[in-house]
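Residue-level structure breakdown
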Amino acid sequence: ELKVEQNPLFLSMQEGKNYTIYCNYSTTSDRLYWYRQDPGKSLESLFVLLSNGAVKQEGRLMASLDTKARLSTLHITAAVHDLSATYFCASEDTGTASKLTFGTGTRLQVTL
Amino acid sequence: GAGVSQSPSNKVTEKGKDVELRCDPISGHTALYWYRQSLGQGLEFLIYFQGNSAPDKSGLPSDRFSAERTGGSVSTLTIQRTQQEDSAVYLCASSSPNQPQHFGDGTRLSIL
């Protein structure tokens, strides 16, 4: 059974600071997704990581994938209040279903 | 519309009643997924459709849950004889091959 562990569960950080969210997954899935969810809203796709060593950046967010370590990271640079949300990583089952197994989510709160 | 559409957005019903949740995927997306998001269990996969067939129903929690998809488009998730533990946000997603899943806003289901 595919398991995805994400930490920390909650992160409070000041504007301007840097931090990293970690996502470990248990099988040999090579596709890793990051989503953002605002309160009461749905999931917004941020990044798709398809191969070992993949790195993608969008604004103050950068995601990377190490398939050998079964680890993905989401790095936040110089956080701003607008980044406050819950971030989920999800590993794709590369069998027939392509269903996603989600981590527990990291609730990020950026304070002024 | 441009995105995945779900209805109703909110549903409150009494324990023991049946409910139907609807999902209208992005036009042209052949894959459709149902997930459930609850405080205790996080985001859980329920069922996957490819076209009108459901090759993976492994996430349906009990035989009270069923889903169908017609015309390769709209899907309905039916919960019979609802229980309080069915209270959750039910999310639908659709995708094209090798593309990230796009999520709807969800149906918030409350069982009294």
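For every chain, the first residue of its written sequence is number 1, and the numbers climb from 1 along that sequence. To label them, take the chains in the order written and letter them from A, then take the ligands in the order written and number them from 1. A pLDDT threshold of at least 70 governs which residues receive local features in this predicted model, and a stricter bar of 80 or more applies before side-chain atom pairs are shown or counted, although totals over entire chains, interfaces and linings include all residues. Side-chain measures here rest on the full set of heavy atoms in the structure, leaving out hydrogens and waters.

Regarding its fold elements, chain B presents 0 helices and 11 strands. Strands here mean DSSP runs of E at least two residues long; helices mean DSSP runs of H or I at least four residues long; both are numbered from the N terminus. Mapped in sequence order, the helices and strands of chain B form the string β-β-β-β-β-β-β-β-β-β-β. For a compact globule the rule gives 2.2 Å times the number of residues to the power 0.38, and the radius of gyration it is set against comes from C-alpha atoms. On C-alpha atoms alone, chain B measures out to a radius of gyration of 13 Å, which is about the 13 Å that the 2.2 N^0.38 rule sets for 112 residues. With respect to the principal axes defined by its C-alpha atoms, chain B has extents near 40 × 25 × 25 Å. By the burial criterion, 46% of the 112 residues in chain B qualify as buried. Should any heavy atoms of two residues lie within 4.5 Å, those residues are considered in contact. Pairs at least 24 residues apart make up 51% of the contacts formed inside chain B by residues separated by at least 6 positions. Here, Shrake-Rupley sampling with a 1.4 Å probe gives the accessible areas, and only protein chains in the shown set may cover a residue. Entry remark: accessible area of chain B is about 5,400 Å², with carbon and sulfur atoms responsible for 43%. Under the counting rule used here, the positive set is Lys and Arg, the negative set is Asp and Glu, and His together with the chain ends is not counted. To locate a charge, take NZ of a lysine, CZ of an arginine, CG of an aspartate or CD of a glutamate. Side chains of chain B carry 10 positive and 11 negative charges; the gap between the two charge centres is 2 Å. Per-residue accessibility, obtained with a 1.4 Å probe over protein chains only, is compared with the maximum for each type, and a residue is labelled buried under 20%, exposed over 50%, and partly exposed between these values.

The next subject is the sheet that holds strand β3 (residues 19-25) of chain A. Residue and element names in this part refer to chain A. On the basis of which strands lie adjacent, the open sheet formed by 5 strands has the order β1-β3-β8-β7-β6 and antiparallel pairing. Each having just a single partner strand, β1 (4-7) and β6 (55-58) make up the two edges of the open sheet. The sheet shows a mean angle of 15° between the axes of neighbouring strands, direction not considered. Pairing between β3 and strand β8 (residues 71-76): 6 bridges, direction antiparallel. Within β8, the residue paired with Tyr19 across the bridge is Ile76. Paired strands are those between which DSSP finds at least two bridges. Here, axes are lines fitted to C-alpha atoms. For helices the fit covers the stretch in contact, and angles between N-to-C directions go from 0 to 180 degrees.

Between Asn7(A) and the following residue, Pro8(A), the backbone shows a cis peptide bond with an omega angle of 0°. For Pro8(A), the location among the structural elements is in the loop between β1 and β2 (10-14). Residues Ser7(B) and Pro8(B) are joined by a peptide bond in cis, for which omega reads -10°. Position of Pro8(B) among the secondary structure elements: in the loop between β1 (5-7) and β2 (10-13). Positive phi, close to 55°, is recorded for Arg70(A), a residue that is not glycine. If you trace the backbone, Arg70(A) turns up in the loop between β7 (61-66) and β8. A residue is classified by how much of its surface remains accessible, and Arg70(A), at 30% relative accessible area, is partly exposed. The residue Ala78(A) is not glycine, and still its phi comes out positive at about 50°. Tracing the backbone through its elements, the reader meets Ala78(A) in the loop between β8 and β9 (85-92).

Moving on, we come to the state of the cysteines. The disulfide criterion used throughout: a pair of cysteine sulfur atoms within 2.5 Å. As enumerated under the stated definition, the model contains 2 disulfides over all chains in all. Covalently, Cys23(A) is tied to Cys89(A) through a disulfide, its sulfur atoms 2.1 Å apart. Judged by the sign of its S-S torsion, about 85°, the bond between Cys23(A) and Cys89(A) is right-handed. Taken as a pair, Cys23(A) in strand β3 and Cys89(A) in strand β9 lie far apart in primary sequence, 66 residues in all. Each member of the pair, Cys23(A) together with Cys89(A), is buried. The partner cysteine of Cys23(B) in its disulfide is Cys92(B), sulfur to sulfur 1.9 Å. Measuring handedness by torsion sign, the sulfur bridge of Cys23(B) and Cys92(B) sits at about -65° and is left-handed. Residue Cys23(B) is located in strand β3 (residues 19-24), and its partner Cys92(B) is located in strand β9 (residues 88-95); the two are separated by 69 residues in the primary sequence. Here the two residues Cys23(B) and Cys92(B) agree in accessibility, since each one is buried.

The interface is formed by 15 residues belonging to chain A together with 16 residues belonging to chain B. For this analysis, a salt bridge means a side-chain nitrogen from Lys or Arg found within 4 Å of a carboxyl oxygen belonging to Asp or Glu. Summed over the shared surface of chain A and chain B, the result is 1 salt bridge. Where Lys99(A) meets Asp56(B), a salt bridge forms, and the shortest distance between an N and an O atom there is 3.2 Å. Between N or O atoms, a polar contact is any pair within 3.5 Å; within protein, one atom must be a potential hydrogen donor and the other a potential acceptor, and residues adjacent in sequence are included only when both atoms are from side chains. One can count 6 residue pairs in polar contact (both at pLDDT 80 or more) joining chain A with chain B. Gly is put with the polar residues, along with every residue not named as nonpolar or charged; the nonpolar set is Ala, Val, Leu, Ile, Met, Phe, Trp, Tyr, Cys and Pro, and the charged set is Asp, Glu, Lys and Arg. For the side of chain A that touches chain B, the residue count by class is 8 nonpolar, 5 polar and 2 charged.

Any functional reading would require information that these geometric values do not contain.
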